[in-house]
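Observations on chain architecture
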Amino acid sequence: MDNFLQQELIDLIDQNSSADGVNPTPVPGVSCFRASSTDTPIPSVQVYEPSLCVIVQGRKQLILEEEVYRYGAADYLVTTVDLPVIGKVVEASPDKPYLCLKIDIDQQQLSELLIHTGQVATPSNSSKRGVFVGKTDACMGESVLRLARLLETPEDIPVLANQMLREVYYRLLRGEYGDTVAQISQHGSHMQRIAAAVQKLKDDFRQQISVETLAELAGMSLSSFHLHFKSVTAMSPLQFQKRLRLMEARRIMLGDAADASSAAYHVGYESPSQFSREYARMFGNPPRRDISLLREQGYTLEA
């Protein structure tokens, strides 16, 4: 991505970011994200849904279990399934904020595009991790810029947005990780099967769900399901569910002023003491201390 193209993207995203955090745009599924500081000592912990994030300024890092993904200007980040991750902006200032354009991946459009292009993911017995970082080349950068320019002419969005999004998806499919992206919407792929199990865990995270039930939903044997689930998410189904529960508990304590015991029962824990121990292991502090620190820092749920 050349400097002139990058600068135009910087200007467009900055102009359409009225505040730090997520700024929705008139284009469905497209938002601008800005962060003007790295001062928040507590990183955001959230579920990243299937999306493409094109970074044009600043730097950020994402932690998935023990893995660290670092990305900055002229990089893009793709998540292919819902993943509970820790994110932190590591390079940003008021004069030069961290800026990115986030595009939700529409599996229906991706599937239709695959039919037209005839692209098929290469069959494999292994699964790919559900997150990766790539380089924004000239073709990808130009397609993203054309999409971003629609923000200056909102009257064109109803007619041109889908066409521009399809072009971005096409460039993503033609890139170095195209095979992995194709698996998102390829019927019967390991990625799609694990995504169905992940959705079940998201929908019913408060309930006790057996691994056997998830494996049956994915159409896999128990051993195969364990292997592919960990390959895609970097954790076991039990760990995945635990993180969803703890993240939801944090959200309701911060947003709804619930106490730790109420939050624990709400998300499916039977023992408040177990909840407190696991919460402290994940967030670094027991619930009351963590929420107090978050409020002192003016932490928001979208940060």
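Residues numbered from 1 in each chain as written. Predicted model: local features only at pLDDT ≥ 70, side-chain atom pairs only at ≥ 80, totals over all residues. Heavy atoms only, no water.

When helices and strands are counted, the protein shows twelve helices and ten strands. Relative to the globule expectation of 19 Å for 303 residues, the C-alpha radius of gyration of the protein, 20 Å, shows essentially globular dimensions. Seen through its principal axes, the protein has C-alpha atoms that stretch 55 × 50 × 30 Å. Taken over 303 residues, the protein has a buried fraction of 48%. Expressed as a percentage of contacts within the protein between residues at least 6 apart in sequence, the contacts between residues at least 24 apart total 72%. A gap of 6 Å separates the mean positions of the 30 positive and 37 negative side-chain charges of the protein. (Helix = DSSP H or I, 4+ residues; strand = E, 2+ residues; numbered from the N terminus. Rg over C-alpha atoms; globule rule 2.2 N^0.38 Å. Buried < 20%, exposed > 50% of the residue type's maximum accessible area, 1.4 Å probe, protein only. Contact = heavy atoms within 4.5 Å. Lys, Arg positive; Asp, Glu negative; His and termini not counted. Charge placed at Lys NZ, Arg CZ, Asp CG, Glu CD.)

Attention shifts here to the nonpolar core. Generally speaking, soluble globular proteins have nonpolar side chains that are buried together. The biggest cluster of nonpolar side chains holds 52 residues, and the ones touching the most others in it are Leu62, Leu64, Tyr98, Phe225, Phe240 and Phe275. Broken down by element, the residue count for this core peaks at eight residues, all from helix H9 (residues 237-255). With near-sequence residues (within four places) excluded, Phe240 lies in contact with Asp82, Leu83, Pro84, Val198, Leu201, Phe229, Thr233 and Met235. In terms of nonpolar packing, the next biggest core, distinct from the first, is built from 41 residues, Val27, Ile103, Leu151 and Ala161 among them. (Core = buried A, V, L, I, M, F, W, Y, C linked by side-chain atoms within 4.5 Å.)

We now examine a negative patch on the surface. A grouping of Asp2, Asp137, Glu142 and Glu176 is seen on the molecular surface, where their side chains present a negatively charged patch. Residue position: Asp2 is located in the segment before helix H1 (3-15). (Patch = residues over 30% accessible without salt bridge, like charges linked within 9 Å, V, L, I, M, F, W, Y side chains within 5 Å. Areas by Shrake-Rupley, 256 points an atom, 1.4 Å probe, with all protein chains shown as cover. Salt bridge = Lys/Arg side-chain N within 4 Å of Asp/Glu carboxyl O.)

A few words now on the pairing of strand E2 (residues 30-35). Burial runs high along E2: six of the six residues are buried. Going residue by residue along E2, you find Val30, Cys32 and Arg34 tucked away on one face and Ser31, Phe33 and Ala35 tucked away on the opposite face as well. Linking strand E1 (residues 21-24) back to E2 in an antiparallel pair, the connection comprises five residues, with Gly29 at a positive phi of about 80 degrees. Sheet analysis places E2 next to strand E9 (residues 98-104), joined by six bridges and oriented antiparallel. Bridged to Ala35 within E9 is Tyr98. (Pairing = 2+ DSSP bridges.)

Let us now look at the pattern of salt bridges. Counted according to the given criterion, the structure contains 15 salt bridges. Taken together, the salt bridges that share partners define one network made up of Asp14, Asp20 and Arg34.

In the UniProt entry, the feature "domain: HTH araC/xylS-type" (unreviewed entry) is given for residues 195-293. Span residues 195-293 is 75% helix and 0% strand, its end C-alpha atoms 34 Å apart. (UniProt positions renumbered as here; feature names shortened; annotations may be inferred.)

Below, the discussion takes up the packing of H1 against helix H3 (residues 138-149). Relative to each other, H1 and H3 sit at 30 degrees, their axes nearing to 10 Å. Put simply, H1 runs roughly parallel to H3. When the axes of H1 and H3 are compared, the crossing they make is left-handed. Of the residues in H3, those touching H1 at Leu5, Glu8, Leu9 and Leu12 are Ala138, Gly141, Glu142, Val144, Leu145, Ala148 and Arg149. The residue inventory of the contact of H1 with H3, partitioned by class, reads seven nonpolar, one polar and three charged. (Axes fitted to C-alpha atoms, helices over the stretch in contact; angles between N-to-C directions. Parallel < 35°, antiparallel > 145°, perpendicular 65-115°, else oblique. Left-handed = near helix turned anticlockwise from the far one by under 90°. Nonpolar A, V, L, I, M, F, W, Y, C, P; charged D, E, K, R; others polar.)

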